Amino acid sequence: MRKHIERLHYISHEFAPLSQVEQILQVCQAGAKWVQYRSLKKSEAAIREDIAEIANICDDWGTTLIVTDHIHLKGELDIQGFHIDDPGVSIGAMRKSLGDEFILGASATNLKQVIQHAQDGADYIGLGPFKPSITKPNTFELLTVEDYNSILQDLKAVNLEVPILAVGGIQLSDVAELFNTGIHGIAISASIYNAPSIESSYSDFYKAILDVT
(Lines give C-alpha, C1' and ligand atoms only; values in the text may rest on other atoms or scores of the structure.)
Protein backbone atom coordinates (compact mmCIF):
# COMPACT_ATOMS: atom_id res chain seq x y z
CA MET A 1 0.00 0.00 0.00
CA ARG A 2 1.36 3.42 -0.96
CA LYS A 3 2.21 5.60 2.04
CA HIS A 4 1.11 9.20 2.36
CA ILE A 5 3.91 11.62 1.54
CA GLU A 6 3.49 15.31 2.41
CA ARG A 7 4.27 17.96 -0.20
CA LEU A 8 6.40 20.17 2.06
CA HIS A 9 9.26 18.60 3.99
CA TYR A 10 11.29 20.59 6.48
CA ILE A 11 14.86 19.35 7.03
CA SER A 12 16.47 20.50 10.27
CA HIS A 13 20.10 21.61 10.30
CA GLU A 14 22.54 21.11 13.14
CA PHE A 15 24.49 24.34 12.52
CA ALA A 16 21.51 26.69 12.19
CA PRO A 17 21.01 29.67 14.51
CA LEU A 18 18.45 27.67 16.51
CA SER A 19 18.79 24.13 17.81
CA GLN A 20 17.19 21.36 15.79
CA VAL A 21 14.68 20.82 18.57
CA GLU A 22 13.66 24.49 18.45
CA GLN A 23 13.56 24.52 14.64
CA ILE A 24 11.21 21.57 14.56
CA LEU A 25 9.06 22.95 17.37
CA GLN A 26 8.57 26.19 15.45
CA VAL A 27 7.68 24.55 12.12
CA CYS A 28 5.26 22.26 13.93
CA GLN A 29 3.67 25.34 15.49
CA ALA A 30 3.34 26.69 11.95
CA GLY A 31 1.45 23.55 10.92
CA ALA A 32 4.17 21.25 9.60
CA LYS A 33 3.05 17.65 9.18
CA TRP A 34 6.40 16.26 8.02
CA VAL A 35 9.90 16.96 9.35
CA GLN A 36 13.26 15.36 8.73
CA TYR A 37 15.99 15.29 11.35
CA ARG A 38 19.44 15.29 9.78
CA SER A 39 22.68 15.25 11.74
CA LEU A 40 26.05 14.51 10.19
CA LYS A 41 28.36 15.57 13.01
CA LYS A 42 26.70 14.98 16.38
CA SER A 43 27.55 12.09 18.66
CA GLU A 44 25.25 9.09 18.93
CA ALA A 45 24.20 10.17 22.41
CA ALA A 46 23.37 13.70 21.24
CA ILE A 47 21.38 12.36 18.28
CA ARG A 48 19.34 10.08 20.51
CA GLU A 49 18.68 12.90 22.96
CA ASP A 50 17.53 15.21 20.14
CA ILE A 51 15.28 12.60 18.54
CA ALA A 52 13.65 11.65 21.84
CA GLU A 53 12.65 15.28 22.44
CA ILE A 54 11.67 15.89 18.81
CA ALA A 55 9.55 12.73 18.72
CA ASN A 56 7.52 14.04 21.65
CA ILE A 57 6.98 17.35 19.84
CA CYS A 58 5.92 15.56 16.65
CA ASP A 59 3.57 13.35 18.62
CA ASP A 60 1.94 16.41 20.19
CA TRP A 61 1.42 18.05 16.79
CA GLY A 62 0.59 14.94 14.73
CA THR A 63 3.73 15.37 12.63
CA THR A 64 5.57 12.60 10.78
CA LEU A 65 9.20 12.30 11.91
CA ILE A 66 11.78 11.10 9.40
CA VAL A 67 15.43 10.59 10.40
CA THR A 68 18.28 10.84 7.91
CA ASP A 69 20.21 7.54 7.87
CA HIS A 70 20.68 5.98 11.39
CA ILE A 71 18.30 3.12 10.57
CA HIS A 72 19.72 1.24 13.56
CA LEU A 73 17.35 3.41 15.64
CA LYS A 74 14.27 1.73 14.16
CA GLY A 75 11.90 0.66 16.90
CA GLU A 76 13.95 2.30 19.65
CA LEU A 77 12.48 5.79 19.33
CA ASP A 78 9.17 7.08 17.96
CA ILE A 79 10.38 7.48 14.37
CA GLN A 80 8.04 6.93 11.42
CA GLY A 81 10.65 6.63 8.70
CA PHE A 82 14.16 7.11 7.43
CA HIS A 83 15.76 8.98 4.55
CA ILE A 84 18.95 7.58 3.03
CA ASP A 85 21.16 10.50 2.03
CA ASP A 86 23.73 8.71 -0.14
CA PRO A 87 22.38 8.22 -3.70
CA GLY A 88 24.69 5.22 -4.12
CA VAL A 89 23.32 3.18 -1.21
CA SER A 90 21.21 0.11 -2.01
CA ILE A 91 17.64 1.04 -1.13
CA GLY A 92 16.68 -2.59 -1.58
CA ALA A 93 18.95 -3.53 1.33
CA MET A 94 17.53 -0.70 3.43
CA ARG A 95 13.96 -1.79 2.67
CA LYS A 96 14.79 -5.36 3.64
CA SER A 97 16.24 -4.16 6.94
CA LEU A 98 13.34 -1.82 7.74
CA GLY A 99 10.45 -3.90 6.45
CA ASP A 100 7.26 -2.29 5.18
CA GLU A 101 6.29 -0.61 8.45
CA PHE A 102 8.62 2.35 8.06
CA ILE A 103 8.59 5.11 5.44
CA LEU A 104 11.76 4.94 3.35
CA GLY A 105 13.04 7.91 1.38
CA ALA A 106 16.01 8.00 -0.97
CA SER A 107 18.21 10.65 -2.54
CA ALA A 108 18.88 10.72 -6.28
CA THR A 109 20.70 12.97 -8.72
CA ASN A 110 19.56 11.49 -12.05
CA LEU A 111 16.92 9.38 -13.78
CA LYS A 112 18.83 6.11 -13.47
CA GLN A 113 19.03 6.43 -9.70
CA VAL A 114 15.36 7.41 -9.46
CA ILE A 115 14.29 4.30 -11.36
CA GLN A 116 16.54 2.02 -9.32
CA HIS A 117 15.40 3.44 -5.97
CA ALA A 118 11.75 3.23 -6.96
CA GLN A 119 12.12 -0.37 -8.07
CA ASP A 120 13.94 -1.17 -4.82
CA GLY A 121 11.07 0.06 -2.66
CA ALA A 122 11.59 3.76 -1.91
CA ASP A 123 8.37 5.46 -0.82
CA TYR A 124 9.57 8.82 -2.13
CA ILE A 125 12.70 10.26 -3.72
CA GLY A 126 14.46 13.55 -3.07
CA LEU A 127 15.85 14.59 -6.46
CA GLY A 128 18.47 17.30 -6.85
CA PRO A 129 20.32 19.44 -6.28
CA PHE A 130 18.25 22.21 -7.83
CA LYS A 131 20.54 24.97 -6.61
CA PRO A 132 23.70 25.09 -4.48
CA SER A 133 22.90 24.39 -0.83
CA ILE A 134 24.69 25.68 2.24
CA THR A 135 23.28 22.84 4.34
CA LYS A 136 24.46 19.98 2.14
CA PRO A 137 27.42 20.95 -0.05
CA ASN A 138 28.07 18.50 -2.89
CA THR A 139 29.64 18.27 -6.32
CA PHE A 140 26.64 16.84 -8.17
CA GLU A 141 25.47 18.63 -11.31
CA LEU A 142 22.58 21.01 -10.70
CA LEU A 143 19.20 20.08 -12.16
CA THR A 144 17.15 22.61 -14.09
CA VAL A 145 13.38 22.92 -14.23
CA GLU A 146 13.63 21.30 -17.66
CA ASP A 147 15.55 18.38 -16.13
CA TYR A 148 12.78 17.76 -13.59
CA ASN A 149 10.17 17.91 -16.31
CA SER A 150 12.13 15.49 -18.51
CA ILE A 151 12.71 12.99 -15.71
CA LEU A 152 9.04 13.01 -14.74
CA GLN A 153 8.02 12.45 -18.35
CA ASP A 154 10.50 9.56 -18.63
CA LEU A 155 8.99 7.97 -15.50
CA LYS A 156 5.53 8.17 -17.05
CA ALA A 157 6.86 6.54 -20.20
CA VAL A 158 7.94 3.46 -18.22
CA ASN A 159 4.79 3.48 -16.05
CA LEU A 160 6.74 4.10 -12.86
CA GLU A 161 5.00 6.13 -10.17
CA VAL A 162 6.91 7.44 -7.16
CA PRO A 163 6.59 10.79 -5.38
CA ILE A 164 9.46 13.06 -6.45
CA LEU A 165 10.59 15.93 -4.23
CA ALA A 166 12.83 18.69 -5.54
CA VAL A 167 15.70 19.43 -3.15
CA GLY A 168 18.62 21.81 -2.89
CA GLY A 169 18.63 25.54 -2.23
CA ILE A 170 14.98 26.08 -3.13
CA GLN A 171 13.63 29.61 -2.63
CA LEU A 172 10.02 30.73 -2.30
CA SER A 173 10.19 32.20 -5.80
CA ASP A 174 11.01 28.73 -7.22
CA VAL A 175 7.88 26.99 -5.95
CA ALA A 176 5.49 27.65 -8.84
CA GLU A 177 7.82 26.66 -11.68
CA LEU A 178 8.98 23.53 -9.86
CA PHE A 179 5.46 22.29 -9.17
CA ASN A 180 4.48 23.02 -12.75
CA THR A 181 6.83 20.19 -13.77
CA GLY A 182 4.61 17.72 -11.94
CA ILE A 183 6.80 17.05 -8.90
CA HIS A 184 5.04 15.83 -5.78
CA GLY A 185 6.74 18.14 -3.32
CA ILE A 186 9.79 20.04 -2.13
CA ALA A 187 12.23 19.73 0.78
CA ILE A 188 13.37 22.97 2.43
CA SER A 189 16.02 23.72 5.03
CA ALA A 190 18.05 26.96 4.93
CA SER A 191 15.34 29.07 3.29
CA ILE A 192 13.23 28.46 6.39
CA TYR A 193 15.70 28.29 9.28
CA ASN A 194 17.58 31.40 8.11
CA ALA A 195 14.42 33.47 7.78
CA PRO A 196 13.62 36.17 10.36
CA SER A 197 10.66 34.04 11.42
CA ILE A 198 10.74 30.27 10.93
CA GLU A 199 6.99 30.02 11.43
CA SER A 200 6.17 32.75 8.91
CA SER A 201 8.60 31.35 6.34
CA TYR A 202 7.18 27.84 6.66
CA SER A 203 3.66 29.24 6.26
CA ASP A 204 4.72 31.18 3.16
CA PHE A 205 6.07 28.03 1.51
CA TYR A 206 2.96 26.07 2.46
CA LYS A 207 0.66 28.72 1.03
CA ALA A 208 2.72 28.92 -2.16
CA ILE A 209 2.32 25.17 -2.65
CA LEU A 210 -1.43 25.38 -2.08
CA ASP A 211 -1.65 28.07 -4.75
CA VAL A 212 -0.19 25.79 -7.43
CA THR A 213 -1.56 22.36 -6.50
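To be clear, the structure that these remarks concern was listed above.
Calculation criteria
Residues numbered from 1 in each chain as written. Predicted model: local features only at pLDDT ≥ 70, side-chain atom pairs only at ≥ 80, totals over all residues. Heavy atoms only, no water. Helix = DSSP H or I, 4+ residues; strand = E, 2+ residues; numbered from the N terminus. Pairing = 2+ DSSP bridges. Axes fitted to C-alpha atoms, helices over the stretch in contact; angles between N-to-C directions. Contact = heavy atoms within 4.5 Å. Buried < 20%, exposed > 50% of the residue type's maximum accessible area, 1.4 Å probe, protein only. Right-handed = clockwise from strand over helix to strand, strands pointing away.

**Q** How should unusual backbone geometry be read in this particular structure?
**A** Among all residues save glycine, negative phi is the norm, and among peptide bonds the norm is trans. That bond from glycine 128 to proline 129 is cis: its omega, 10°, falls within 30 degrees of zero. With respect to the secondary-structure elements, proline 129 resides in the loop between strand 6 (124-127) and helix 5 (145-157). Positive phi is not limited to glycine here, since aspartate 69 has a value of about 60°. Tracing the chain through its elements places aspartate 69 in the loop between strand 3 (64-68) and strand 4 (81-84). Of note in this structure, asparagine 159 is not a glycine but carries a positive phi near 55°.

**Q** In this structure, what is going on with the environment of glycine 92? I would like to understand it.
**A** With respect to the secondary-structure elements, glycine 92 resides in helix 3 (residues 91-98). As a C-alpha pair, glycine 92 and tryptophan 61 span 31 residues in sequence and 32 Å in three-dimensional space.

**Q** Help me understand the sheet that holds strand 5 (residues 103-108), please; the structure alone is not making it clear to me.
**A** Sheet strands associate in pairs through backbone hydrogen bonding, adopting either a parallel or an antiparallel arrangement. The 8 strands are arranged 1-2-3-4-5-6-7-8 in a closed barrel whose pairing can be described as parallel. Each strand of the sheet is rotated relative to its neighbour by a mean of 25°, with strand direction disregarded. Looking at chain direction, strand 3 and strand 4 are connected through 3 bridges and run parallel. Within strand 4, the position partnered with isoleucine 66 by the bridge is glycine 81. Set on the sheet, helix 3 makes contact with strand 4 and strand 5; between it and strand 5 the angle comes to about 165°.

**Q** Hey, could you run me through the pairing of strand 6 in this one?
**A** As a general feature of sheets, a regular strand has side chains that alternate between the two faces. Side chains Tyr124 and Gly126 project from strand 6 onto one buried face, and the interleaved Ile125 and Leu127 project onto a second face that is buried too. Two elements, strand 5 and strand 6, share 4 bridges in a ladder whose sense is parallel. Across the sheet, serine 107 pairs through a bridge with glycine 126, a residue of strand 6. Handedness of the strand 5-helix 4 (residues 111-119)-strand 6 crossover: right-handed. When strand 6 meets strand 7 (residues 164-167), the two strands line up parallel, connected through 3 bridges. Residue pairing in the sheet places leucine 127 in a bridge with alanine 166 of strand 7.

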